[in-house]
Amino acid sequence: MADTQDNRPGEEEDDDEEIDDASYKTIKDAVLFAIDISTSMLQRPAPSDDKKAERDSPASAALKCAYHLMQQRIISNPKDTMGILLYGTEKTDLKDGDNTFQHCYLLADLDVPSAQDVKQLRDLLENEEEAEEILKPAKEAPTIASVMFCANQIFTTKAPNFSSRRLFLVTDNDGPATVKQDKDTAITRARDLYDLGCTIDLFPISKPDHGFDRTRFYDDLVYPTSPSDPDAPVAIATTTKIAKSGDGLTLLKQLLSSINSKAAPRRALFSLPLELGPGMRIGVKGFILIKRQEHVKSCYVWVGGEKPQIVQSSTSHMADDTARVVEKTELRKAYKFGGDTITFTPEEITQIRQCYGEPIMRIVGFKPLSLLPLWANIGKATFVYPSEADFIGSTRVFSALQQKLIKSKKMALTWFVARKNASPVMATLIPGEERYDENGEQTMPPGLWLVPLPFADDLRQCPEQLAEPRTTDELTDKMRIIVEQLQLPKGVYDPSKYPNPDLQWFYRILQAMALEEEVPTKPDDKTLPKYKQINKRAGEYITEYGEEFEKVFATVAHSALSSRPKAAAKKRPAAAAADDDDDEPKPKKRIKKETKVKNEDGDDGLTDQQMAAINDKGQISKQTVAILKEYLGARGQAISGKKADLIDRVQEYLENKGL
């Protein structure tokens, strides 16, 4: 790799002030798809005229899921690796020394996905002849034990030092081992994978005439939690929902939903004791369940060699007078106090920061939840879950605390030190109840939410409160109707239905350029309001509210003007009055009359084509209120409101007319 030196003497390394949640995404992760290629997995559903009917075979849907995941990871997680292993194929394309894994085909090796890998997988999905040649089932399928051993060899050779290694197993065969000896061998091979630190995630598919029964084989093979992190909370159900083929919902969507829920490995942000009282501690771990997704960071590339290489930057400090590189041991941190500069050695800084004791979460009292104001939150909340690693029985005590807080509607005030050198935080533990969706799947596990509270130093002065006219009961009633008409489905905001349009647009452009696809011209923004539906539901009520608001505002403005004290009239001097009498009479002031615009036929008013042309030129704001009202009134539209409202109404009318 090429190295560069970035000399920034003013920049100090200070990574001890905030909780380091960046490691949540930076730890390397390896995912290997193992897709069963059998006759039933390749069977397409019966043709149907229904637009929502199934189109893909289970194997094709699994490959498309892998394709979508590869597209995501190549951009969002460029350091993670991914591979695709097909088992049960007639062709064999995977060797390790002298041992050949029969009927196993490594479609994509376990490596960082490149644009070429994505193209190759896309071509396979689009080219049926090539797909039939590779996806040809063998007469004698391999045993699950050989598949597990094959995955073990791939992980050992391609991802030996990865902290997260996961096997995604996609199959519709719930009884691959008919002999007890084969089942015992498979369980042994799976246990070897777990001992290696790997996790097996099963994505079962039920056949149209047969449901997938986990108890026949896979309950003894697949563990519900990862051995490396057995206490991780499961935000989705512990066992993946069985995808059904041909039930109206596409198999592809079901598999995508299940795989996306497992795409990011769960990692603890911190692990420390929770002290409920003197001498009484339990183990807990903190997890980030909601985190703002940012753009992938750009990087510099060195193109001076035979192959482009990512530049690894390094920072060095240099003396101003001699340009000598200053070693880190020669540096000291300094703080200004008044006009003096106070310096500290690294040992002194460490001693100052560690004066608050060991990392701990200590409950100092309880308060009603109603006393927690909405604004008392200075950072993101962290989900807290029990851990049995250090204190046996922590789960039972934690559950009792959580249930008691829910029942009493209270919160726990907490003294929180996340790790060594971290600043202490006053926080509150808020109980969170378990939640399920309409399908009965768990969407939020039971636990506690750690919410940081502000100190006295964090409070700022409130802005000056301006005296504004208050609303009336009539306006409140009309606005209530509008709000009721514009409620979200079930009155709940579901973030999973609204992808970030800025991120999606950025990734779509990046993907198109990397894969040499056609660059899109318009982003898919699902956050845009549905104006036609809003107008259909509440357009009439909004107009009525606007008319009522105009009346109330005019009354308030008139009363405010009439309540002002009138200025005393000044008497003109006599000399000035005499001079005015001697002058000639002045002409009367002319009043400017509004000239009506006539259309091409000589009639009053503008045609739709003329108004559309004015709107296209950006000159609609230059039209007078009288012209806009005349145009709207001639077409049966409301003419109340301010000029901006009239312009919006005209533009909406032209849009509905297709002009």
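Preceding this section is the structure that the text describes.
First things first, this report covers the structure right here in the doc. (Residues numbered from 1 in each chain as written. Predicted model: local features only at pLDDT ≥ 70, side-chain atom pairs only at ≥ 80, totals over all residues. Heavy atoms only, no water.)

As for the packing of helix H14 (residues 608–616) against helix H16 (residues 643–657)
Phase 1 of the analysis: Contact geometry of H14 with H16 gives a least axis separation of 11 Å together with a crossing angle of 115°. When the interaxial angle is binned, H14 and H16 end up roughly perpendicular. For the element pair H14 and H16, the recorded crossing hand is left-handed. Together, Asp608, Met611, Ala612 and Asn615 of H14 and Val650, Gln651, Tyr653, Leu654 and Lys657 of H16 make up the contact between the two elements. (Axes fitted to C-alpha atoms, helices over the stretch in contact; angles between N-to-C directions. Helix = DSSP H or I, 4+ residues; strand = E, 2+ residues; numbered from the N terminus. Parallel < 35°, antiparallel > 145°, perpendicular 65-115°, else oblique. Left-handed = near helix turned anticlockwise from the far one by under 90°. Contact = heavy atoms within 4.5 Å.)

Side note on the environment of Tyr223
Phase 1 of the analysis: The topology assignment puts Tyr223 in the loop between strand S8 (198–206) and strand S9 (243–244).
Phase 2 of the analysis: A relative accessible area of 33% places Tyr223 in the partly exposed class.
Phase 3 of the analysis: Not counting residues within four places of it along the chain, the set of residues in contact with Tyr223 comprises Arg191, Tyr194 and Ile200. (Buried < 20%, exposed > 50% of the residue type's maximum accessible area, 1.4 Å probe, protein only.)

Quick word on the pairing of strand S25 (residues 447–452)
Phase 1 of the analysis: With six of its six residues buried, S25 lies for the most part within the structure.
Phase 2 of the analysis: Bridge analysis of strand S20 (residues 382–387) against S25 gives three bridges, and the strand direction is antiparallel. Bridge pairing in S25 links Val384 to Leu448.
Phase 3 of the analysis: Where strand S22 (residues 425–432) and S25 come together, six bridges link them in antiparallel fashion. Residue pairing for S25: Gly432 is matched across the bridge by Gly447. (Pairing = 2+ DSSP bridges.)

Structural notes on the layout of surface pockets
Phase 1 of the analysis: Approximately 880 Å³ is the volume found for the second largest pocket.
Phase 2 of the analysis: Lining of the second largest pocket is provided by 25 residues; of these, Asn535, Gly539, Thr543, Arg649 and Glu652 occupy positions nearest its centre.
Phase 3 of the analysis: Counting residues per element, the ones that place at least two in the lining of the second largest pocket are helix H12 (531–562) and H16.
Phase 4 of the analysis: Among the elements that line the lining of the second largest pocket, the one with the most residues is H12, at twelve residues.
Phase 5 of the analysis: Taken together, the residues of the lining of the second largest pocket break down into six nonpolar, nine polar and ten charged.
Phase 6 of the analysis: Counting only domains with at least three residues in the lining of the second largest pocket, you end up with domain 3 (461–564) and domain 4 (573–659). (1 Å grid on protein atoms, 1.4 Å probe; cavity = no way out; pocket = protein on both sides within 12 Å on 5 of 7 lines; lining within 4 Å. Points joined across faces, edges and corners; volume = space filled by probe spheres on them. Nonpolar A, V, L, I, M, F, W, Y, C, P; charged D, E, K, R; others polar. Domains from an automatic or database assignment.)

Here we look at the pattern of salt bridges
Phase 1 of the analysis: Counted under the stated rule, the structure contains 14 salt bridges.
Phase 2 of the analysis: Between Glu90 and Lys136 there is a salt bridge, with its nearest N and O atoms 3.7 Å apart. Separated by 46 residues along the polypeptide, Glu90 in the loop between strand S3 (81–87) and strand S4 (95–96) and Lys136 in the loop between helix H4 (128–134) and helix H5 (144–158) bring together distant segments of the chain.
Phase 3 of the analysis: Exposure remark for Lys136: the relative accessible area of 42% places this residue in the partly exposed category.
Phase 4 of the analysis: Among the ionic contacts, a cluster of salt bridges with common partners joins Glu275, Arg281, Glu358 and Arg362. (Salt bridge = Lys/Arg side-chain N within 4 Å of Asp/Glu carboxyl O.)

Topic: helix H3 (residues 115–126)
Phase 1 of the analysis: Compared with the 16 Å implied by 1.5 Å per residue over twelve residues, the 17 Å span of H3 between its first and last C-alpha is a close match.
Phase 2 of the analysis: Restricting attention to buried positions, one finds in H3 the residues Val118, Lys119, Leu121, Arg122 and Leu124. (Expected span 1.5 Å × (residues − 1).)

Observations regarding the pairing of strand S19 (residues 360–368)
Phase 1 of the analysis: Pairing of strand S10 (residues 270–277) with S19, which is carried by two bridges, proceeds in the parallel orientation. Within S19, the position partnered with Leu274 by the bridge is Met361.
Phase 2 of the analysis: Across eight bridges, the pairing between S19 and strand S21 (residues 410–417) is antiparallel. Bridging across to S21, Phe366 finds its partner in Ala412.

Topic: the packing of aromatic side chains
Phase 1 of the analysis: Scanning the entire structure with this criterion turns up eleven aromatic pairs.
Phase 2 of the analysis: Here Tyr545 and Phe549 contribute two aromatic rings whose centre-to-centre distance is 6.4 Å and whose plane-to-plane angle is 20°, an arrangement assigned as stacked. Taken together, the residues Tyr545 and Phe549, both in helix H12 and four residues apart, mark about one turn of the helix.
Phase 3 of the analysis: The class of Phe549 is partly exposed, set by a relative accessible area of 36%. (Phe/Tyr/Trp six-rings, centres within 6.5 Å; stacked < 30°, edge-to-face > 60°.)

Digging into the side chain of Ser164
Phase 1 of the analysis: Relative to the helices and strands, Ser164 is located in strand S7 (residues 164–171).
Phase 2 of the analysis: Separated by 2.6 Å, the side chains of Ser164 and Asp29 make a polar contact. (Polar contact = N/O pair within 3.5 Å; in protein donor to acceptor, adjacent residues only side chain to side chain.)

Focus on helix H9 (residues 394–408)
Phase 1 of the analysis: Along its 15 residues, H9 runs 21 Å from first to last C-alpha, staying within 8% of the 21 Å computed at 1.5 Å per residue.
Phase 2 of the analysis: For H9, every residue scored as buried is listed here: Ser394, Phe398, Leu401, Gln402 and Leu405. End-on, the buried residues of H9 take up no more than an arc of 95°, which puts them together on one face. Projecting away from the buried face of H9 at angles above 90 degrees are the exposed residues Arg396, Lys404 and Lys407.
Phase 3 of the analysis: Phi turns positive one or two residues past the end of H9, at Lys409, with a value near 55°. (Arc of directions from axis to C-beta.)

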